[in-house]
Amino acid sequence: MREEHMSTDRDTAPSLLARLGLANWRQNIIYIGFVVIFIVFAITLFDKGFLNPNNLLNIVRQTAMIAVMAIAMTYVLSAGEIDLSVGAVAGLASVTTAMAIDAGGPVTGIVAGLATGAFVGTFNGLLTTRIGIPSFLTTLAMMGIATGTAMWMSDTAAVPIISKSYSWIFGGGNIGPAPVLLIWMLVLGAVGHVVLRRTSFGRRVLATGGGEVAARYSGIDTKSIKFRVLIISAMAAALAGMLYAGRLQSGRFQLGQGDELSVIAAAVLGGTSLFGGSGTVIGTIVGALMIGLINNGLILMGLEFSQQLIARGAIIILAVALSQGRK
């Protein structure tokens, strides 16, 4: 009787946790962590204006470009690949866009910026899927090529954008109190989530990353999937560069420099596996906002830059370590 009673207790505990919504707490660690960090900063930095609406909107403005690139990175990682060139492509696209606007107006600039992303994505995709060079090496090389090209085209100088309409639409405007960048992030996030979770393309991306051989045997053209996600990633990076340029009213090769690390961290924090097969766009956006939240809070704390790097890295490592059991 005693053994039966103990067995019943063991069976009851998981069901009780499930009813309380705590059984899979690791799956929600990014959301829990975001709330906890927000509350801690809200309490400790209340007198420094952390909860000021302008400060919170600034976090969104500073995070939006990372989120845009991270949404596409979710697809790349889910398919079992990686793209290290996103930051450099953003800088290159900002320069090509600014120069094209100067030569032919806003529409020409938009076409040039998106064409930059399409060209880079096609180049990365062909080298990875047709020649067989690992995407890590392909995009690492493209990082240098894109940065060097942007420096050469601009002569390392900022290229001003004088089109007010372009600057308003691509990052500088507001709709009421909400920055246009927030609209870009929410719209692209909604599209990315629906495509990944509700379409055959999204299911094929996850299947490709989950087991490429099995996916091929089930009739999925895995090379085509990988080719397309690399194009999506480069196009998103180019769009992020255009948003950078619109917000700062200039194209600069430095824009996006180093963003690839934040982009990958945002996706992984949000629940996307580095090894492919699983990903969540909503989690990625929260991961990007969490990184922006940490950056903002550490700055308001008055920490030196070196201390900010240490604290930021420690928090991200802790969050990823806690979430390992969710896969």
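This structure is a prediction, so every number in the text was calculated from the model and none was measured.

S.K.: Looking at this structure, how should I read the packing of helix α2 (residues 29-44) against helix α13 (residues 281-300)?
M.R.: How two helices sit against one another is set out by the angle between their axes and by the gap between those axes. Orientation of α2 relative to α13, taken along the N-to-C sense of each, is 25°, at an axis distance of 10 Å. On the basis of their axis angle, the class for α2 and α13 is roughly parallel. Relative to α13, the crossing made by α2 is left-handed. Of the residues in α13, those in contact with Ile 30, Tyr 31, Gly 33, Phe 34, Ile 37, Phe 38 and Phe 41 of α2 are Ile 282, Gly 283, Val 286, Gly 287, Leu 289, Met 290, Leu 293, Ile 294, Gly 297 and Leu 298. Per-class residue counts for the contact of α2 with α13 are 13 nonpolar, four polar and no charged.

S.K.: Would you mind showing me how to read the nonpolar core here?
M.R.: Note that soluble globular proteins tend to have their nonpolar side chains buried in a common cluster. Counting residues in hydrophobic clusters, the biggest one holds 78 residues, and the most contacted among them are Met 69 and Val 229. Considering every element that reaches this core, the biggest residue donor is helix α3 (residues 53-78), with 15 residues. Ignoring any residue separated from it by four or fewer positions in sequence, one finds Val 229 in contact with Tyr 75, Val 76, Ala 79, Phe 201 and Val 205.

S.K.: Looking at this structure, I do not really get the UniProt feature "transmembrane region" (unreviewed entry) in the protein chain. What am I missing?
M.R.: Mapped onto this numbering, the UniProt entry annotates "transmembrane region" (unreviewed entry) at residues 29-47, 59-77, 84-101, 107-127, 134-154, 174-196 and 225-244. Counting secondary structure, residues 84-101 comes out at 89% helix and 0% strand; the distance between its end C-alpha atoms is 27 Å. The distance separating the terminal C-alpha atoms of residues 225-244 is 29 Å; by composition the span is 100% helix and 0% strand.

Definitions and cut-offs
Residues numbered from 1 in each chain as written. Predicted model: local features only at pLDDT ≥ 70, side-chain atom pairs only at ≥ 80, totals over all residues. Heavy atoms only, no water. Axes fitted to C-alpha atoms, helices over the stretch in contact; angles between N-to-C directions. Helix = DSSP H or I, 4+ residues; strand = E, 2+ residues; numbered from the N terminus. Parallel < 35°, antiparallel > 145°, perpendicular 65-115°, else oblique. Left-handed = near helix turned anticlockwise from the far one by under 90°. Contact = heavy atoms within 4.5 Å. Nonpolar A, V, L, I, M, F, W, Y, C, P; charged D, E, K, R; others polar. Core = buried A, V, L, I, M, F, W, Y, C linked by side-chain atoms within 4.5 Å. Buried < 20%, exposed > 50% of the residue type's maximum accessible area, 1.4 Å probe, protein only. UniProt positions renumbered as here; feature names shortened; annotations may be inferred.

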